[in-house]
Amino acid sequence: KGCNIRFFDKELNFLGEVDNFTSLIFIRSWETYGEFTIKISSFSKELFKNENIIMINNDPFRVGFIETVNADVDNYTKIEGFTLGCWLSNRITIPSVGSEYDSYNTNVETIMKQLVLKNAVEPYDPKRKIPKLSIINSTGKGEVLNFQTRYKYLSDELTSLAKISGLGWGIYLDIENKEFIFDVFEGRNLSSEQNILPPKIFGTEYDNVTNRNYISSIKGAKTTAIVAGQGEGVNREIQILNNELSGLARKEMFVDARDIEGNESLADRGSLKLAENKAIETFECETIANG
């Protein structure tokens, strides 16, 4: 197979590796965390343990933690888990002491990293700290955004920010320093339409893709946001995003933003909600490395 899976404990001590698995499915996600499933004919009590860390082919970006071990699946062991970003689904965005909301007006990367810093790396309550988690310094990726959060799942807020900005996020492994690293990623244009980077071209005619899956869905999609801010009745502040849309192209949603002070932030709140409810068009496939 030319592929191995290394196992570590929570302290990142190396436990061992296997290469005799029957199947491995490892799904990474740009806007949220991913998941994996391993099927193997043997069983190891030391390696196959909940919360142990796995790494595929020594790749620090293909890592995850075990959440379920089922050792009686047709005489096989089935191991399931998530990429490390799933840890952030176990943290809530708690405002600073004395503040009603955690508020920002800066670039998206800095917002995302400040959220992780305050709720998982250097929280006011040290019991909320995720051990060995560090953050790469922000380089200012993404547009400037007004953003407020209060008692939301941290991973959900990161996903919302990723959707509106196009940035990705995740936690990877630094084995040498025995640390987990949170970072925000910017996509690279590898299409044939640019001439800066070597293009990556995949297709059936090149025999480098398998298991193709195309999805196009407008289920639940919204295109126009009616954002209501502070005030009551006819005096309530209202902003409408994409108000120029009409007919069936206009799919309205209401956004209650009375927590926001100032009209400038209403548009940003509406943009976030529209990004969470946009039409979906994806093409998924498995790629085959040639050479």
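Counting secondary structure elements, the protein contains three helices and 17 strands. The buried share among the 291 residues of the protein stands at 38%. Restricting the contact set of the protein to residue pairs at least 6 apart, pairs at least 24 apart contribute 62%. For the protein, the accessible surface area stands at approximately 16800 Å², while carbon and sulfur atoms represent 47% of it.

Looking now at the packing of helix H1 (residues 108-121) against helix H2 (residues 154-165). The geometry of H1 relative to H2 is characterised by a closest axis approach of 10 Å and an angle of 175° between their N-to-C directions. On the basis of the axis angle, H1 is roughly antiparallel to H2. In contact with Val108, Ile111, Met112, Leu115, Val116 and Asn119 of H1, H2 contributes Leu154, Glu157, Leu158, Leu161, Ala162 and Ser165. Of the residues belonging to the contact of H1 with H2, the class tally is nine nonpolar, two polar and one charged.

Applying the stated criterion across every chain yields a total of 11 aromatic pairs. Between Phe65 and Trp87, the aromatic rings sit 5.9 Å apart at their centres with planes inclined by 25°, giving stacked as the arrangement. Taken together, the positions of Phe65 in strand E6 (residues 63-73) and Trp87 in the loop between strand E7 (76-83) and strand E8 (102-107) put the pair 22 residues apart, joining distant regions of the chain. Across the pair, exposure class does not vary: Phe65 and Trp87 are buried alike. Members of the aromatic cluster, connected to one another through ring pairs, are Tyr33, Phe65, Phe82, Trp87 and Phe180. In this arrangement the basic side chain of Arg6 is found over the ring face of Phe14, its NZ or CZ atom lying 4.4 Å from the centre. In this structure, Lys39 is placed above the aromatic ring of Tyr76, and the distance from its NZ or CZ to the ring centre is 4.9 Å.

Thresholds, definitions, all that
- Residues numbered from 1 in each chain as written.
- Predicted model: local features only at pLDDT ≥ 70, side-chain atom pairs only at ≥ 80, totals over all residues.
- Heavy atoms only, no water.
- Helix = DSSP H or I, 4+ residues; strand = E, 2+ residues; numbered from the N terminus.
- Buried < 20%, exposed > 50% of the residue type's maximum accessible area, 1.4 Å probe, protein only.
- Contact = heavy atoms within 4.5 Å.
- Areas by Shrake-Rupley, 256 points an atom, 1.4 Å probe, with all protein chains shown as cover.
- Axes fitted to C-alpha atoms, helices over the stretch in contact; angles between N-to-C directions.
- Parallel < 35°, antiparallel > 145°, perpendicular 65-115°, else oblique.
- Nonpolar A, V, L, I, M, F, W, Y, C, P; charged D, E, K, R; others polar.
- Phe/Tyr/Trp six-rings, centres within 6.5 Å; stacked < 30°, edge-to-face > 60°.
- Lys NZ or Arg CZ within 6 Å of the ring centre and 35° of its normal.

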